[in-house]
Amino acid sequence: MEFNEKLRELRNAKIPIITQKDLANALGITQRKVSFMETGTTEPSLSDLMALCKYFNVSADYLLGLPKNMNYPE
């Protein structure tokens, strides 16, 4: 699943469901930016990514679709 799909899924999974405008207000960004991130038109900035992780209580790895067990070259 891509970042934009995960973002939309997380927003819609909140109970009660929050609007793009609600999320934008909570993060201090515009509704348009949330919309663009959800459609894949734009990627989040690092500060946006950090705010999203804190808001939804998820890791950046999850939002970015990175595997749980990554083997890094030494």
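What you see is a predicted model, and the numbers here were worked out from it, not measured in a lab.

Rules used in this analysis
Residues numbered from 1 in each chain as written. Predicted model: local features only at pLDDT ≥ 70, side-chain atom pairs only at ≥ 80, totals over all residues. Heavy atoms only, no water. Helix = DSSP H or I, 4+ residues; strand = E, 2+ residues; numbered from the N terminus. Buried < 20%, exposed > 50% of the residue type's maximum accessible area, 1.4 Å probe, protein only. Areas by Shrake-Rupley, 256 points an atom, 1.4 Å probe, with all protein chains shown as cover. Lys, Arg positive; Asp, Glu negative; His and termini not counted. Charge placed at Lys NZ, Arg CZ, Asp CG, Glu CD. Core = buried A, V, L, I, M, F, W, Y, C linked by side-chain atoms within 4.5 Å. Contact = heavy atoms within 4.5 Å. Patch = residues over 30% accessible without salt bridge, like charges linked within 9 Å, V, L, I, M, F, W, Y side chains within 5 Å. Salt bridge = Lys/Arg side-chain N within 4 Å of Asp/Glu carboxyl O.

A. Local environment of the overall build of the protein chain. A count of helices and strands for the protein chain gives five helices and zero strands. Its C-alpha atoms give the protein chain principal-axis dimensions of about 45 × 25 × 20 Å. Expressed as a percentage of the 74 residues in the protein chain, the buried residues total 31%. Surface summary for the protein chain: the accessible area is close to 5,200 Å², and the carbon and sulfur share equals 53%. If the 9 positive side-chain charges of the protein chain are averaged to one point and the 9 negative ones to another, these points end up 7 Å apart.

B. Local environment of the nonpolar core. Grouped together as the largest cluster of nonpolar side chains are 15 residues, with contacts concentrated most on F3, L7, L23, L52 and L63. For this core, the secondary-structure elements that each account for two or more residues are helix 1 (3-13), helix 2 (20-27), helix 3 (31-39) and helix 4 (46-56). It is helix 4 that contributes the most residues to this core, four residues altogether. Excluding residues within four positions of it along the chain, L63 makes contact with F3, K6, L10, L49, L52, C53 and V58.

C. Structural context of a negative patch on the surface. A grouping of E2, E5, E9 and E43 is seen on the molecular surface, where their side chains present a negatively charged patch. Structurally, the position occupied by E43 is in the loop between helix 3 and helix 4.

D. Representation of the side chain of N4 within the structure. On the secondary structure map, N4 appears in helix 1. Those residues within four positions of N4 in sequence are excluded, and the remaining contacts are M37, E38, T39 and G40.

E. Structural view of the pattern of salt bridges. Applying the stated criterion across every chain yields a total of two salt bridges. The partner of R11 in a salt bridge is E38, and the shortest N-O contact between them spans 2.5 Å. Of this pair, R11 sits in helix 1 while E38 is found in helix 3, placing the two residues 27 residues apart along the sequence. For the pair R11 and E38, a shared accessibility class is recorded, and that class is buried.

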